[in-house]
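Topology and contacts: notes
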Amino acid sequence: MTPFRISFCCTNTDPEPWLAGLRTALPQADVAVWQPGAAQADVAVVWMPPQAFFDEQPQLKAIFNIGAGVDALLKLRLPPQAVVVRLEDAGMAVQMAEYVCQAVIRQFRDLNAYADDVHAGHWTYYPPRQRRDFPVGVMGLGVLGARVAQALAHFEFPVLGWSQTPKQLDGVRGFHGPAQFHDFLASSRVLVNLLPLTPETANILNRDTLSRLQPGGYVINVARGAHLVDEDLLALIHSGQLVGALLDVFRTEPLPAEHPFWREPRITLTPHTSARTLREDSIAQIVGKIAAMARGESVAGRVDVGRGY
Ligand code: NAP
């Protein structure tokens, strides 16, 4: 591979271990943290970079986003010739599967209620539920959603999936497109959101859509905060239409101290931690793709900028 320059520009990320990993794997590359006025790079490795980065780096050939979601990146003006590549799994899919499965199982097995009872010194039993009464709908059947849907199917929950285009996954009843959305919702009791944030999917978890879930509905949002209309979720929980929610992502992160989600006991919060970027896996994936591009091969995980994911 001919020498080339990699510019690293990642917010909230300690650069040193990334630089060390990239330099070890790509000894012919000049790898540096971006500073204003830096020399032109060929490849960018980014997470929430400022617009100034792209304004000063108009010659980039490839932009690697060290996350699966590219909604923040696509708000910026990018060099038009640059290929945008997102992380595909890189250790995130199994994390997302374990996170969602534990949440569904906690609801299905009344484990929160048991924990409260035991804490209060009570030895109580709840009637066992039937799996057929606990269908789980997964919105988005991409890299993460497909893995989550299949993990849920492994526990023998009835699993439904909704995507833009038709998908066939073992153990998953597929729905696609706007025309099948309401049927998908009406067939789901637990709703898991793993859609990318695009103009079509913003605010998709709202009063109208969430009130279509089966009685006892429960919402798990692990995609982006802007998918959810916060006040609609709270109103549906307060009216008893939904029994609760697990939220990992928020419109503003960290979640502001005055936000009512903090004080609603039927909402469980985690701090955007359901599927973390794993540095070693991510570097290996990026390095593999840089090598494939250098050989003139196409790479998976290319973002369709017009489509938004
Ligand atoms: P992906 O591979 O791009 O898959 C996206 C899926 O959503 C695809 O199945 C796609 O349908 C479907 N979709 C997109 N727009 C749609 C629409 N308008 N209607 C119906 N379906 C639509 O994405 P991924 O890697 O699975 O990641 C999903 C999201 O998870 C990311 O965008 C990110 O926001 C979030 N995420 C969160 C965390 C966390 O820690 N909380 C970590 C990583 C990622 P087609 O298959 O038909 O195209």
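Here the structure is a predicted model, which means the values were calculated and not measured. (Residues numbered from 1 in each chain as written. Predicted model: local features only at pLDDT ≥ 70, side-chain atom pairs only at ≥ 80, totals over all residues. Heavy atoms only, no water.)

What to know about the packing of helix α1 (residues 15–25) against helix α9 (residues 279–294)
The geometry of α1 relative to α9 is characterised by a closest axis approach of 10 Å and an angle of 40° between their N-to-C directions. In terms of axis orientation, α1 runs oblique to α9. The way α1 lies across α9 gives a crossing that is right-handed. Judged by residue contacts, P17, W18, G21, L22 and A25 of α1 engage R279, S282, I283 and V287 from α9. Taken together, the residues that form the contact of α1 with α9 break down as 6 nonpolar, 2 polar and 1 charged. (Axes fitted to C-alpha atoms, helices over the stretch in contact; angles between N-to-C directions. Helix = DSSP H or I, 4+ residues; strand = E, 2+ residues; numbered from the N terminus. Parallel < 35°, antiparallel > 145°, perpendicular 65-115°, else oblique. Left-handed = near helix turned anticlockwise from the far one by under 90°. Contact = heavy atoms within 4.5 Å. Nonpolar A, V, L, I, M, F, W, Y, C, P; charged D, E, K, R; others polar.)

Thoughts on the sheet that holds strand β5 (residues 83–86)
One open sheet holds the 5 strands; their spatial order is β2-β1-β3-β4-β5, and the pairing between them is parallel. Looking at the sheet topology across the chains shown, the edges are occupied by β2 (29–33) and β5. Direction aside, the axes of adjacent strands within the sheet are offset by 20° on average. Across 5 bridges, the pairing between strand β1 (residues 4–10) and strand β3 (residues 43–47) is parallel. Across the sheet, residue C9 finds its bridge partner in β3, namely V46. (Pairing = 2+ DSSP bridges.)

A look at the site of the ligand
Lining the immediate surroundings of the ligand are 31 residues, of which R86, L144, T165, K167 and Y309 lie closest. Measuring from an oxygen atom of the ligand, one finds a backbone N or O atom of V143 at 3.0 Å. When the free accessible area of the ligand is taken as 950 Å², the share hidden by the protein chains comes to 93%. Contributing elements (two or more residues each) for the shell around the ligand: α3 (92–108), α5 (143–154) and β7 (159–163). The element that contributes the greatest number of residues to the shell around the ligand is α5, accounting for 3 residues. Class assignment for the residues of the shell around the ligand results in 15 nonpolar, 10 polar and 6 charged. Both domains that furnish three or more residues to the shell around the ligand are identified here as domain 1 (5–90 + 277–294) and domain 2 (92–269). (Near = heavy atom within 4 Å. Polar contact = N/O pair within 3.5 Å; in protein donor to acceptor, adjacent residues only side chain to side chain. Areas by Shrake-Rupley, 256 points an atom, 1.4 Å probe, with all protein chains shown as cover. Domains from an automatic or database assignment.)

A short note on the sheet that holds strand β6 (residues 136–139)
Pairing in this open sheet of 7 strands is parallel, and the strands run β8-β7-β6-β9-β10-β11-β12 from one edge to the other. Here the strands that pair on one side only, and so sit at the sheet edges, are β8 (172–176) and β12 (267–269). Taking each pair of neighbouring strands and ignoring which way they run, the sheet shows an average axis angle of 15°. Alignment of β6 against strand β9 (residues 190–193), held across 4 bridges, turns out to be parallel. Across the sheet, G137 pairs through a bridge with L191, a residue of β9. Along the sheet, α5 makes contact with β6, β7 and β8, crossing β6 at roughly 170°. Each of β10 (217–221), β11 (242–247) and β12 is contacted by helix α8 (residues 230–238), which is oriented at about 145° to β11, the strand it contacts most.

Topic: the domain arrangement of the protein chain
Here the domain parsing of the protein chain yields domain 1 (5–90 + 277–294) and domain 2 (92–269). Here the C-alpha centroids of domain 1 and domain 2 sit 32 Å apart. If you look at the interface, domain 1 gives 12 residues, while domain 2 gives 7 residues. When domain 1 packs against domain 2, the two sides together hide about 760 Å² of surface, and 53% of this comes from carbon and sulfur. If you sort the residues of domain 1 by the area they bury against domain 2, A68, D71 and D89 come out on top, with a joint share of 59%. Our count for the contact surface shared by domain 1 and domain 2 stands at 1 salt bridge. Residues D71 and R224 are paired through a salt bridge, measuring 3.0 Å at the closest nitrogen-oxygen approach. Where domain 1 touches domain 2, the interface holds 3 residue pairs in polar contact (both at pLDDT 80 or more). (Buried area = accessible area lost by both parts, 1.4 Å probe. Salt bridge = Lys/Arg side-chain N within 4 Å of Asp/Glu carboxyl O.)

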